[in-house]
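The chain contents come next:
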Amino acid sequence: MATMVTACGGNSESSSSTGAAGSGETKTLRFATWDTGDALKIEQDIAKKFEAAHPGTKVQVEAYADGFDQKLAAGFGATNPPDVMYMWDFPTYHQSLEPLDSYSSNDKELNIEDFYPGLFNYGKIDGKLYGIPAGFTTRVVYYNKKLFDEGKVPYPKDGWTWKQFQDIAAKLSDKSKKQYGFGVRAENDTYDLQSFVWSNGSSFISDDGKTIEGFMNSKETAESIQMLGDMVKNGSAVLTGGKGQQSGDDIFKAGKIAMWESGIWPLESFKTAGIDVGTVEIPAFPGKPVKGVLAESALSIAKDSKQKDLAWEFVKFYVSNDSIKMRVADLPVRVSVVNELKKDQDPLYKPYYTMLERSSNTPAFLLNPKWNEVNRQLSAAVEAVMHGENAQEVLNQAVKDSERYLK
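Presented here is a report on the structure given in the accompanying data block.

Conventions adopted
- Residues numbered from 1 in each chain as written.
- Predicted model: local features only at pLDDT ≥ 70, side-chain atom pairs only at ≥ 80, totals over all residues.
- Heavy atoms only, no water.
- Helix = DSSP H or I, 4+ residues; strand = E, 2+ residues; numbered from the N terminus.
- Rg over C-alpha atoms; globule rule 2.2 N^0.38 Å.
- Buried < 20%, exposed > 50% of the residue type's maximum accessible area, 1.4 Å probe, protein only.
- Contact = heavy atoms within 4.5 Å.
- Areas by Shrake-Rupley, 256 points an atom, 1.4 Å probe, with all protein chains shown as cover.
- Lys, Arg positive; Asp, Glu negative; His and termini not counted.
- Charge placed at Lys NZ, Arg CZ, Asp CG, Glu CD.
- Salt bridge = Lys/Arg side-chain N within 4 Å of Asp/Glu carboxyl O.
- Axes fitted to C-alpha atoms, helices over the stretch in contact; angles between N-to-C directions.
- Parallel < 35°, antiparallel > 145°, perpendicular 65-115°, else oblique.
- Left-handed = near helix turned anticlockwise from the far one by under 90°.
- Nonpolar A, V, L, I, M, F, W, Y, C, P; charged D, E, K, R; others polar.
- Polar contact = N/O pair within 3.5 Å; in protein donor to acceptor, adjacent residues only side chain to side chain.
- Phe/Tyr/Trp six-rings, centres within 6.5 Å; stacked < 30°, edge-to-face > 60°.
- Lys NZ or Arg CZ within 6 Å of the ring centre and 35° of its normal.
- Core = buried A, V, L, I, M, F, W, Y, C linked by side-chain atoms within 4.5 Å.

Considering the overall build of the protein chain
In step 1: Of regular secondary structure, the protein chain possesses 16 helices and 12 strands.
In step 2: Here the C-alpha radius of gyration of the protein chain, 23 Å, is about what a compact globule of 407 residues would show, namely 22 Å.
In step 3: Based on the C-alpha atoms only, the size of the protein chain along its principal axes is roughly 70 × 50 × 40 Å.
In step 4: Looking at the protein chain as a whole, 54% of its 407 residues qualify as buried.
In step 5: Within the protein chain, contacts between residues separated by at least 24 positions form 76% of all contacts whose residues are at least 6 apart in sequence.
In step 6: Surface exposure of the protein chain reaches about 17,900 Å², of which carbon and sulfur atoms provide 50%.
In step 7: Measuring between centres, the 46 positive side-chain charges of the protein chain sit 3 Å from its 55 negative side-chain charges.

If you want it as structure tokens, here you go:
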């Protein structure tokens, strides 16, 4: 990747949205993505549309797939990064990215008021904006209507509780059919579990990002993680995605789990598999507001890009209404697109937007630059709980093992 050369002229910093038309020279704009398959094909189509609107510009879509972080880091290290890239890990990369505050506030065409405001929290470090939201998902509970009908159990509704959730899971488990009420990941991403922990009134780290004692091992944190371990233990849930185990998506598609918690990603495959699927917001703990966590993809510009203005034009094009409508694997980030497509009124999509309104907490990785080190101990502790260990004990130990990283 470091050997790729960007064909750009010496005055490219001042290049306008018309690219290099009239100069007889083609400008190559490099765009790095982690997507593959259908999503990648859509991005290539968006790139072609941009080229058509900007004669003299070639967009080179670089598909890094699973090697995204390694290839991106190599490009930054060799001061030859792509001009524009997908981004989510701002704490790691922000020093190599161009701050976008002046672009976003001075460019009326962006129409920044049309974005869901909560999405911008995830692209800021120290008050500076480094990414423009391109797509997002919140997390919901999927349920298989056929299994609910067969078990004569009413469909869950927004405002339900974890107690109701556990009762339903127990009712819809039948070991003789290898059918379970819920699927629990053997290896959970602790990022996603924050939704449960926040909903129980706790968090993994203090708001100032300095303390984990009394947060990561609080009674409420332990309780929200123990609940999942207990469901596996009592047979109302099955472990998924561990060694020699099918993924939860696949087990849900096979009609063997009644409920599954995830983002927007598997929805189309559930429909294709012929599952009569419903969605509902995450359950509540007694007397506490439900909290959501966002998975967001944003677009960033490299600080070392030689053609930042052209890069900005591409970012703007990528988050325009037309491009957003092309990208069906993400939820739209613009209010106008959601209103036009009536996504927030469709019973299948509405819970994602309800959860978006509930996603105001700041994730741990944005609060402390050493979070990755802490998270290793936390992840191991959570995995142990899914295999039968006591949550309070392993979380106490994880805090002890992690304190040194916060000093």
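What about the pattern of salt bridges?
In step 1: Using the criterion set out here, one finds 19 salt bridges in the structure.
In step 2: Connected via shared salt-bridge partners are Asp 107, Glu 109, Glu 313 and Lys 316.

Regarding the environment of Tyr 130
In step 1: Of note, Tyr 130 is situated in the loop between strand S5 (128–129) and strand S6 (132–137).
In step 2: Along the sequence, Tyr 130 and Pro 351 sit 221 residues apart, while their C-alpha atoms lie 28 Å from each other.
In step 3: What Tyr 130 contacts, discounting residues up to four positions off in sequence, is Phe 90, His 94, Leu 97, Glu 98, Pro 99, Leu 100, Gly 123, Ile 125, Leu 299 and Ser 300.

What about the packing of helix H1 (residues 37–53) against helix H11 (residues 308–318)?
In step 1: Taken N-terminus to C-terminus, the directions of H1 and H11 make an angle of 120°; their axes are 11 Å apart at the nearest point. Comparing the axis directions of H1 and H11 gives the class oblique. Regarding H1 and H11, the two cross each other, and that crossing is right-handed. Across the interface between the two elements, Glu 43, Ile 46, Ala 47, Lys 49 and Phe 50 of H1 pack against Leu 310, Glu 313, Phe 314, Phe 317 and Tyr 318 of H11.
In step 2: Within the contact of H1 with H11, the residues separate by chemical class into seven nonpolar, no polar and three charged.

Looking at helix H7 (residues 190–199)
In step 1: Taken across its 10 residues, H7 has 10 buried, putting it largely inside the fold.
In step 2: All of the buried residues in H7 are Thr 190, Tyr 191, Asp 192, Leu 193, Gln 194, Ser 195, Phe 196, Val 197, Trp 198 and Ser 199.
In step 3: Looking at the buried positions of H7, the neighbouring elements they touch are helix H6 (162–171), helix H8 (219–233), strand S10 (257–262) and helix H15 (371–386).
In step 4: Measuring from the side-chain oxygen of the N-cap residue of H7 to the backbone nitrogen of Tyr 191 gives 2.9 Å; that N-cap residue is Asp 189.

A few points about unusual backbone geometry
In step 1: Phi angles above zero are rare outside glycine, and Ala 65 is one such case at about 50°.
In step 2: In this fold, Ala 65 is placed in the loop between strand S2 (57–63) and helix H2 (68–77).
In step 3: Overall, the relative accessible area of 27% leaves Ala 65 in the partly exposed class.
In step 4: Although it is not a glycine, Thr 79 adopts a positive phi angle of roughly 45°.
In step 5: For Thr 79, the location among the structural elements is in the loop between H2 and strand S3 (84–87).

Digging into the packing of aromatic side chains
In step 1: Tallied over the entire structure, the rule returns 30 aromatic pairs.
In step 2: A ring pair is formed by Tyr 103 and Trp 312, whose centres lie 5.2 Å apart and whose planes are at 35°; its orientation type is tilted. Within this pair, whereas Tyr 103 is found in helix H4 (residues 101–106), its partner Trp 312 is found in helix H11, the two being separated by 209 residues in sequence. Across this residue pair, the class does not change: Tyr 103 and Trp 312 are buried.
In step 3: For the pair Tyr 142 and Phe 252, a centre-to-centre distance of 6.4 Å together with 55° between the ring planes defines the contact as tilted. Highlighted residues: Tyr 142 in strand S7 (residues 140–144) and Phe 252 in helix H9 (residues 248–253), separated in sequence by 110 residues. Here Tyr 142 matches Phe 252 in class, with each residue buried.
In step 4: The rings of Phe 31, Trp 34, Phe 50, Tyr 64, Phe 68, Tyr 86, Phe 314, Phe 317 and Tyr 318 are connected pair by pair, giving a single aromatic cluster.
In step 5: Above the face of the Tyr 349 ring, Lys 343 is positioned so that its terminal group lies 3.9 Å from the ring centre.

A short note on the nonpolar core
In step 1: Formed by 123 residues in total, the largest nonpolar core has its most connected members in Ile 132, Tyr 142, Phe 182, Met 216, Met 259, Tyr 352 and Trp 371.
In step 2: In terms of residues, this core owes the most to one element, H15, which gives seven residues.
In step 3: Setting aside residues no more than four positions away along its own chain, Met 216 makes contact with Ser 203, Phe 204, Thr 221, Trp 371, Val 374, Leu 378, Leu 395, Ala 398, Val 399 and Ser 402.

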